[in-house]
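# Understanding the architecture of this molecule
The chain contents come next:
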Amino acid sequence: MPHPFAQMFEKALKRSNNQENFVLEEARGLHKKGYSPQEIYDVLAQLHRELLGDSDREIVGEALDEFATYIE
């Protein structure tokens, strides 16, 4: 069974484009709600590994890079 965050990120990915990264916004929203930054990052990383499309990988990769600041 996929992680609930994964489903949220996949929905956000469908709405995202080169100008707007809704995956990153979703991750930041989860962080504001008090969820563990490491857990959010791990789910993003797993999603990034599973994606095949270059544009989708780029969007999630950008979200990973930006969200990594919450881990460090």
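For the structure, check the block above.
Here's a quick rundown of the structure.

How each quantity is defined
- Residues numbered from 1 in each chain as written.
- Predicted model: local features only at pLDDT ≥ 70, side-chain atom pairs only at ≥ 80, totals over all residues.
- Heavy atoms only, no water.
- Axes fitted to C-alpha atoms, helices over the stretch in contact; angles between N-to-C directions.
- Helix = DSSP H or I, 4+ residues; strand = E, 2+ residues; numbered from the N terminus.
- Parallel < 35°, antiparallel > 145°, perpendicular 65-115°, else oblique.
- Left-handed = near helix turned anticlockwise from the far one by under 90°.
- Contact = heavy atoms within 4.5 Å.
- Nonpolar A, V, L, I, M, F, W, Y, C, P; charged D, E, K, R; others polar.
- Expected span 1.5 Å × (residues − 1).
- Buried < 20%, exposed > 50% of the residue type's maximum accessible area, 1.4 Å probe, protein only.
- Salt bridge = Lys/Arg side-chain N within 4 Å of Asp/Glu carboxyl O.
- Polar contact = N/O pair within 3.5 Å; in protein donor to acceptor, adjacent residues only side chain to side chain.

### Looking at the packing of helix H1 (residues 4–15) against helix H3 (residues 37–50)
One can describe the packing of H1 onto H3 by two numbers: an axis separation of 9 Å at closest approach and a directional angle of 60°. Relative to H3, the element H1 is oriented oblique. Crossing angle aside, the handedness with which H1 passes H3 is right-handed. Seen from H1, the contacting residues are Phe5, Ala6, Phe9 and Glu10; seen from H3, they are Glu39, Ile40, Val43, Leu44 and Leu47. The residue inventory of the contact of H1 with H3, partitioned by class, reads seven nonpolar, no polar and two charged.

### Remarks on helix H4 (residues 54–67)
Helix length check: H4 (14 residues) gives 20 Å between terminal C-alpha atoms against 20 Å at 1.5 Å per residue, within 8%. Turning to H4, its buried residues number three or more, namely Ile59, Val60, Gly61, Ala63, Leu64 and Phe67. Contacts made by the buried residues of H4 are with H1, helix H2 (22–32) and H3.

### What about the pattern of salt bridges?
Counting across every chain of the model gives one salt bridge. Glu66 is paired through a salt bridge with Arg28; the nearest N and O atoms lie 3.8 Å apart. Of this pair, Glu66 sits in helix H4 while Arg28 sits in helix H2, and the two are 38 residues apart along the sequence. The partly exposed category is assigned to Arg28, whose relative accessible area is 33%.

### Looking at the environment of Asp42
Here Asp42 shows up in helix H3. The partly exposed category is assigned to Asp42, whose relative accessible area is 39%. Separated by 22 residues in sequence, Asp42 and Leu64 place their C-alpha atoms 9.2 Å apart. A polar contact of 2.8 Å, which involves the side chain of Asp42, links it to the side chain of Gln38.

Remember that the coordinates give geometry; whether it matters functionally is a separate question.
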